[in-house]
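Chain by chain, the residues run as shown.
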Amino acid sequence: MVERYQVAIVGSGPCGMSAGGRAAERGMNHILLERTDHLSDTIYKYQKGKHVMATPDILPLRSSMPFEAGRREEILQAWGDTTKNLGVNVRYNAEVTAIKGQKGNFELTLRAGEKIVAENVVLGIGLQGNLRKLAVPGGDWSGVQYQLDDPDEYESERIVVIGAGDAGIENALALAKQNTVFIVNRRDEFARVKEANQKAILEAIEAGQITCYYSADPKSLTPGRLVLTVPDGEAVVECDRIIARLGAIAPRKFVESCGIVFPNDSAEALPELSPRYESNVPGLYIVGALAGFPLIKQAMNQGYEVVEFILGNDIKPADQPLLEEKFRALLDRGRSVDEIIELIRTRMPLMSGLTPLQLREFLLDGAVHFPKKGEVVFERNDYTNSFFMIIDGGAEILIDPTNPAVRVNLGPGEFFGEIGLIAGRRRSATVLSGGDSFMIECPRRSMIKLINSVESVARAMNEVAMVRQLRTYLSPHLTNEALAPVLANAEIRYYKPGQVLFTEGEPDNGVYLIRKGSVTVARQIAGRDVIIAYVAAGNYVGEMALLNQAPRNATVKAAINTEVIWMDSARFRQMLDAAPELRGEVEQRLLTRLVEGETMKARPEAGNIIQFLVEQGVGEATDILLIDETLCVGCDNCEKACAETHGGVSRLDREAGPTFSGIHVPTSCRHCEHPHCMADCPPNAIHRAVDGEVYIDSSCIGCGNCSRNCPYGVIHMASKEPPKAGLLAWMLFGFGHGPGQDPSHKWGQKKGGDGPKLAVKCDMCKDLPGGAACVRACPTGAAVRVSPERFFSLAELTAR
Amino acid sequence: MKLAGVSIHKSIIEYRGFFYLKLAAGLVLLSVAAYWVHQPLAGPNGGTWLGYTLGTIGALLIVWLAWFGIRKRRYGVGRLLLEDWLSGHIYLGVALLIIATLHSGFQFGWNVHTLAYVLMVGVIVSGAFGLLVYLRVPALRTENRQNMSLDDMMALIAGLSKEIYQAASTLDDEVGQLVQEADQRTRIGGGFWRQLSGTDPHCATTRALNKVRARAEQFSGADADAARQLVTLLARKVELLARARRDVRHHALLKVWLYFHVPMTVGLIAALLIHIFVVFLYW
């Protein structure tokens, strides 16, 4: 007798388990099939004691199962208990090998040959069940494993970790504590991993704790002996164990055998689904990672929702209340959330490549605005870097700061704000609302995530951005006709710090407009490179050779990660001929550079200061604290002022940091153009204020990512200061601790305060009237805060 | 040099185009003129209307000047920069010397009134010394440090000590003894005068250097090479030690005057209160 169910759920990961829980709660005749002998194998296989995050925080959990951030063990325990309490019908060791049939009558075959019939099937098998295997001769050696439960289990072994993704790095770092560890990286760098992991692995390699083989691929394996192909031949690694972390791919063969179609042949491709998670086979639903939602909370929500859908209950996604709140004003005018999302998708060509689910997720972070005609959206020189989409109405961009009448009009479907987003600098123009508009403001972080993950968005944005950047940075009066030939073969080029754009003596090969980052210009003087200028984003280099029709007379290098728009010389010259105004401007700038070059040649020490500051990473700063050592009396009143105005913890260390030519760069926040600290902040607690201050808000969870990601070591973790006596009580009677004194006196020392530690950093005293307390408290005027453009400017350096 | 509207490389003396100097000078000129014009019968003294006026101005100035100690510890408040306060503190402090002297009518004696005056002069003189130190020492210190911090120097010295032991290890016991003594008995800093002097006439490393040098000519072959290397290393350490001691001296100079300036201020305020009390008691 074959068992019959209303729904069969395949896989007991977060989504399948959640579906099972909901089905049990709703009294459905159901079965949850799990391949192994325990629930949720992927989480089960996490490293022991791993802290599991519950992102995205903003998304509410909708499931019959509990879930909140915590240790792996606690989460598994809670799931196990709830599964039992709800009476979920789980069958373990029940791997499904085939699914046949159609809605109302699916037949599932189990590994043991047993058959199960179900009206509907929910496929929640994820990807982790299908790990990429080590495909080399001898790869079946018993010493090869694809997971690591407890790194402390191994001691004094030689272990090779293959794969330089986050999982591989985390394993290698944990194992390196008591083993000899090698890591094999297919590329010549650690890319596409969390910044904190990248930093940690590079430090471990630098310190000799881990040996890394770059640009290496496994070639063959015999027990205890791994052969690698490396750039200069082969390398042999003797090892006791190999941990291969090569990622996971969709178990395509099995999924296709169920009749499900994939949109393309790419290894990363996932099946296409309806908004109700139904595949092209009616009655066969897919949820979780296989549906493109790898996060635990999303998957659990889908498990719940899919059961409701099967029951014919057309519930809205869990984020519905959030979106309703967001679009409240429009809902009052009789539109539904779905209509609005469809409107955005069809109106905005930029967003058309997104699925409705992706778009919903993206919009959760956005803010909705309804500016009236003429209302200011943002002002030139504001330090915001969000991105705006015009859904309805329009916008007017005041492109010429000297003449507010020169405006560019944008209509529905267009966007703006991308120049500030890319450059990480102040807004280059004021934007007004062009009518009674409906705009969506997307925060920097979600926009960057979108650009990095959806190719079509990146492409569409760059196309528009390039034209605007040329206009903004060259001349607002350039016509489309004048620009067209240049644009036709212009391209965006990327440079790493220290990489050369062009070298002195080379023939002219184009003009470089810097749209992100900054560069240094150096010239050979008496046999050595002398820096003669620092050029920030929004300017161009390479025009000198073009106008003089001569070889390059200087070498230009990226100071930090830099993006330029490269333009062909001949076409650029044509454009100049068509735009006499621009020609005059370029000519003027060239003359300025010639004069500057001569002055700098006579003052090599100024060049040395630029060189020193660039080495300190000042190039990516927007505001930096410098101390004039010839005025500093070492009273530390700056540190005390910082501590006293910021909960007892100083965010700057005056004494630390290098000094050159009387200029001291203390350890303090530089408010970077593209803040490293923002890159990986789970609660998105780090923001940039209108005046440029990068600050951490009260939603900090104390994870420490920002502190690890900051290359300048200016963020640290501190608990709240215990209450202290008043100033006079301390001065007259010695009560409590004095300004800046213990318990939060020195960096790195144990703090006196109890309670959770949160990240603290310089906020440039944005909430205090009068500005930075450190500078205001300097009795001799030695401490100054400056932007690098000012500091690097020649006039100021030569005036010394 | 000017940065973001703020002068750097401009000392506190020139602050805001000598604004506070002008202010103080104006106050002094007014006081002197009044003193000149006012010719009381009993000769100038603190009991005339001008005497009381100057005394009141002086007392208020003392309170304001002493308030600096509180103001510099109150952070993130007020409209003025601490630099304003310090500049005013300096010039008005000097002005106080003249105003208080005029207030006294040059009448001094062995009493609490003159004690208050003497303490005030002590505070102002120590402050003037402090100002000189603040103007002079930071540049000297920067030059002496050569882009190193004291910690860097200490680390270098510790590294050199290891190298010195190594270089001496192949040489005879006498050298070994010298090197060990030098390492163990060398001090940086120390007591009050030692820190301020910035030198150590009994530096064990200098002594070791001289003795090893004297002995070095007796060695030959590989020993001679080792001895030469040892001398080089010792000389390098002596040089670094001298630099570290100078840094300690600079640090001490920047701090030491406060040990006079602040206690004397407290004494001055006490004496001033008695002075005022006594004056009104014997009205």
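Just so we're clear, the structure is a prediction, and the values are computed from it rather than from any experiment.

**Here's the deal with the overall build of chain A**
- On a plain count of helices and strands, chain A comes out with 25 helices and 41 strands.
- Radius of gyration (C-alpha) of chain A: 30 Å, near the 28 Å computed for a compact globule of 800 residues.
- Seen along its three principal axes, the alpha-carbon backbone of chain A occupies a region of about 95 × 65 × 65 Å.
- By the burial criterion, 54% of the 800 residues in chain A qualify as buried.
- Across chain A, contacts joining residues at least 24 apart in sequence account for 68% of those joining residues at least 6 apart.
- A total accessible area of about 33900 Å² is found for chain A, and carbon and sulfur atoms account for 50% of it.

**Description of helix α20 (residues 637-645) of chain A**
- For α20(A), the complete set of buried residues consists of Asn637(A), Cys638(A), Glu639(A), Ala641(A), Cys642(A) and Ala643(A).
- Those residues of α20(A) that are buried lie in contact with α23 (773-776) of chain A together with α3 (82-104) of chain B.
- Gly647(A) sits one or two positions beyond α20(A) and adopts a positive phi of about 60 degrees.

**Remarks on the nonpolar core**
Residue and element names in this part refer to chain A.
- Grouped together as the largest cluster of nonpolar side chains are 34 residues, with contacts concentrated most on Phe 327 and Met 447.
- For this core, the secondary-structure elements that each account for two or more residues are α9 (328-331), α10 (337-347), α11 (356-364), β20 (387-392), α12 (418-423), β25 (438-442), α13 (444-453) and α14 (455-473).
- The element best represented in this core is α10, accounting for five residues.
- With near-sequence residues (within four places) excluded, Phe 327 lies in contact with Ile 340, Ile 344, Leu 363, Val 368, Phe 438 and Ile 440.
- Judged by nonpolar contacts, the second largest core, of 32 residues, contains Ile 9, Ala 19, Ala 24 and Val 287.

**Brief notes about the sheet that holds strand β27 (residues 500-502) of chain A**
Residues and elements named next belong to chain A.
- Across the sheet, which stays open at both edges, the four strands sit in the order β27-β32-β29-β30 with antiparallel pairing between neighbours. With one partner strand each, in any of the chains shown, β27 and β30 (528-536) form the two edges of the open sheet. In this sheet, neighbouring strand axes are inclined to one another by 30 degrees on average, regardless of whether the strands run parallel or antiparallel.
- Alignment of strand β29 (residues 518-525) against strand β32 (residues 555-558), held across four bridges, turns out to be antiparallel. When the sheet's bridge partners are listed, Ala 522 is paired in β32 with Thr 555.
- Across the sheet, helix α19 (residues 604-615) is in contact with β29 and β30; its angle to β30 comes to roughly 65 degrees.

**Points about unusual backbone geometry**
- Positive phi, close to 45 degrees, is recorded for Ser215(A), a residue that is not glycine.
- For Ser215(A), the position within the fold is in the loop between β12 (210-213) and β13 (217-222).
- We note that Asn147(B) has phi near 65 degrees; this positive angle belongs to a residue other than glycine.
- Among the structural elements, Asn147(B) can be located in the loop between α4 (112-145) and α5 (150-168).
- Note on Asn147(B): relative accessible area 38%, which makes it partly exposed.

**Details of the interface of chain A and chain B**
- On the side of chain B, 36 residues touch chain A, which itself brings 37 residues to the contact.
- Buried area between chain A and chain B, both sides added, is near 3200 Å², and the carbon and sulfur share of it is 61%.
- Among the residues chain A hides against chain B, the three largest losses belong to Val633(A), Arg776(A) and Pro779(A). Together they make up 20% of the total.
- Residue Glu655(A) is joined to Arg145(B) by a salt bridge in which the shortest nitrogen-to-oxygen separation is 3.6 Å.
- Those elements giving two or more residues to the side of chain A that touches chain B turn out to be α20, β35 (659-660), α22 (727-733), α23, β41 (783-786) and α24 (788-792) of chain A.
- The leading source of residues in the side of chain A that touches chain B is α20(A), at five residues.
- For the side of chain A that touches chain B, the residue count by class is 18 nonpolar, nine polar and 10 charged.

**Notes on the packing of helix α17 (residues 569-578) of chain A against helix α18 (residues 580-602) of chain A**
Residues and elements named next belong to chain A.
- Put simply, α17 and α18 touch, their axes get as near as 5 Å, and they point 115 degrees apart. When the axes of α17 and α18 are compared, the pair comes out roughly perpendicular. Within the contact between the two elements, α17 uses Met 575, Leu 576, Asp 577 and Ala 578 and α18 uses Pro 580, Leu 582, Arg 583 and Val 586.

**Some remarks on empty space enclosed by the protein**
Residue and element names in this part refer to chain A.
- Inspection of the entire model under this criterion finds nine cavities of 30 Å³ or more.
- Estimated volume of the largest cavity: approximately 180 Å³.
- As for the largest cavity, its lining consists of 14 residues, and the residues nearest its centre are Leu 59, Phe 293, Gln 298, Asp 319 and Leu 357.
- Where the lining of the largest cavity is concerned, the elements lending two or more residues are α7 (296-310) and α11.
- Class assignment for the residues of the lining of the largest cavity results in seven nonpolar, three polar and four charged.
- Structurally, the lining of the largest cavity is a two-domain feature, drawing no fewer than three residues from each of domain 1 (3-129 + 250-310) and domain 3 (322-473).

**What to know about the domain arrangement of chain A**
- Examined at the domain level, chain A breaks down into domain 1 (3-129 + 250-310), domain 2 (144-244), domain 3 (322-473), domain 4 (480-602) and domain 5 (616-798).
- Summarising the inter-unit geometry, the C-alpha centres of domain 2 of chain A and domain 4 of chain A are found 42 Å apart.

**Remarks on the pairing of β13(A)**
- Bridge count for β13(A) against strand β14 (residues 225-230) of chain A is five bridges, and the pairing is antiparallel. Note that in β14(A) the partner of Ser220(A) across the bridge is Val227(A).

**Observations regarding the environment of Gly80(A)**
- Positionally, Gly80(A) belongs in helix α3 (residues 72-86).
- Gly80(A) sits 559 residues away from Glu639(A) along the chain, and the two C-alpha atoms are 52 Å apart.

**Description of the domain arrangement of chain B**
Residues and elements named next belong to chain B.
- By the assigned domains, chain B splits into domain 1 (17-145 + 257-281) and domain 2 (150-255).
- The C-alpha centroid of domain 2 is placed 47 Å from the C-alpha centroid of domain 1.
- On the side of domain 2, eight residues touch domain 1, which itself brings 12 residues to the contact.
- Interface area, domain 1 with domain 2, both sides summed: about 1000 Å², of which 58% is carbon and sulfur.

**Considering the sheet that holds strand β31 (residues 540-541) of chain A**
Residue and element names in this part refer to chain A.
- An order of β26-β33-β28-β31 is seen for the four strands of this open sheet, with the pairing classed as antiparallel. In this open sheet, the two strands that pair with only one neighbour each are β26 (491-495) and β31.
- Both strand β28 (residues 511-516) and β31 contribute to a ladder of two bridges, which runs antiparallel. Across the sheet, the residue bridging to Leu 513 is Tyr 540, located in β31.

**Overview of the confidence of the model for chain B**
- Here chain B averages 90 in pLDDT, and 96% of its residues register 70 or above.
- Low pLDDT (under 50) marks residues 1-7 of chain B, which in the prediction has 22 contacts with non-local residues, meaning those over four places away or in another chain.

**Describing the pairing of strand β7 (residues 105-110) of chain A**
Residues and elements named next belong to chain A.
- The sheet contact formed by strand β6 (residues 96-102) and β7 spans six bridges and is antiparallel. Counterpart to Gln 102 in the pairing with β7 is Asn 105.
- Here β6 hands over to β7 after two residues, with Gly 104 in that stretch at a positive phi of 95 degrees.
- Where β7 and strand β8 (residues 115-123) come together, four bridges link them in antiparallel fashion. The residue of β8 that forms the bridge with Thr 109 is Lys 115.
- In this antiparallel pair of consecutive strands, β7 and β8, the connection spans four residues, and Gly 113 shows a positive phi of 100 degrees.

**Concerning the packing of aromatic side chains**
Residues and elements named next belong to chain A.
- All told, the structure shown has 19 aromatic pairs over all chains when counted by the stated rule.
- On the numbers, 6.5 Å between centres and 85 degrees between planes, the contact of Phe 327 with Phe 438 is edge-to-face. A residue pair is termed long-range when its members are at least 10 positions apart, and Phe 327 in the loop between α8 (320-326) and α9 and Phe 438 in strand β25 qualify at 111 residues.
- Their ring planes at 0 degrees and their centres at 5.1 Å tell us that Phe 388 and Phe 416 sit as a pair that is stacked. A residue pair is termed long-range when its members are at least 10 positions apart, and Phe 388 in strand β20 and Phe 416 in strand β23 (residues 415-416) qualify at 28 residues.

**Observations concerning the pattern of salt bridges**
Residues and elements named next belong to chain A.
- Evaluated as defined, the whole model comprises 47 salt bridges over all chains.
- Of the charged contacts in the structure, one is a salt bridge between Glu 396 and Arg 407, with a shortest N-O distance of 2.5 Å. Here Glu 396, found in strand β21 (residues 395-398), pairs with Arg 407, found in strand β22 (residues 407-410); they are 11 residues apart in sequence, far enough to count as distant.
- Put simply, Arg 468 and Glu 418 hold a salt bridge, and the shortest N to O gap is 3.0 Å. On the criterion of sequence distance, the pair formed by Arg 468 in helix α14 and Glu 418 in helix α12 is long-range, its members being 50 residues apart. Grouping residues by exposure puts Arg 468 and Glu 418 together as buried.

What counts and what doesn't
- Numbers given for residues are sequential positions, taken from 1 along each chain in its written order.
- Lettering for chains starts from A, numbering for ligands starts from 1, and both go in the order in which the items are written.
- This being a predicted model, a pLDDT of at least 70 is required before a residue's local features are given, and a value of 80 or more before pairs of side-chain atoms are given or counted; all residues contribute to the totals for chains, interfaces and linings.
- By convention in this description, side-chain values take in all heavy atoms of the structure and omit both hydrogens and water.
- Helix and strand definitions follow DSSP, with helices as H or I runs of at least four residues and strands as E runs of at least two, each counted in order from the N terminus.
- For a compact globule the rule gives 2.2 Å times the number of residues to the power 0.38, and the radius of gyration it is set against comes from C-alpha atoms.
- Between buried and exposed lies partly exposed: a residue is buried under 20% and exposed over 50% of the maximum accessible area for its type, with that area taken using a 1.4 Å probe on protein chains only.
- In what follows, residue pairs with any heavy atoms lying within 4.5 Å of each other are defined as contacts.
- All accessible areas in this document rest on Shrake-Rupley with a 1.4 Å probe, and a residue is counted as covered only by the protein chains that are shown.
- Among the buried residues, those of types Ala, Val, Leu, Ile, Met, Phe, Trp, Tyr and Cys that are joined through side-chain atoms within 4.5 Å form a nonpolar core.
- Any two strands are treated as partners once DSSP identifies two or more bridges connecting them.
- Here an angle of 0 to 180 degrees is reported between the N-to-C directions of two axes, which are lines fitted to C-alpha atoms, with helices fitted over the stretch in contact.
- In this description, buried area is defined as the sum, over both parts, of the accessible area (probe of 1.4 Å) that is lost when the two are combined.
- When a carboxyl oxygen of Asp or Glu is within 4 Å of a side-chain nitrogen of Lys or Arg, the pair counts as a salt bridge.
- Three classes are used: nonpolar for Ala, Val, Leu, Ile, Met, Phe, Trp, Tyr, Cys and Pro, charged for Asp, Glu, Lys and Arg, and polar for all others, with Gly counted as polar.
- For classification purposes, an angle smaller than 35 degrees is called roughly parallel, one larger than 145 roughly antiparallel, one from 65 to 115 roughly perpendicular, and anything else oblique.
- Cavities and pockets were defined on a 1 Å grid built over protein atoms only: a cavity is a set of grid points that admits a 1.4 Å probe from which the probe cannot escape, a pocket is an open set flanked by protein on both sides within 12 Å along at least five of seven lines, and lining residues are those with an atom within 4 Å of any such point.
- Grid points are joined across faces, edges and corners, and a volume is the space filled by probe spheres set on the points.
- Here the bounds of each domain stem from an automatic or database domain assignment.
- Values of pLDDT, ranging from 0 to 100, describe the predictor's confidence in every residue of the model.
- Stacked, edge-to-face and tilted labels apply to pairs of Phe, Tyr and Trp rings (six-membered ring for Trp) whose centres lie within 6.5 Å, assigned for plane angles under 30 degrees, over 60, and everything in between, in that order.

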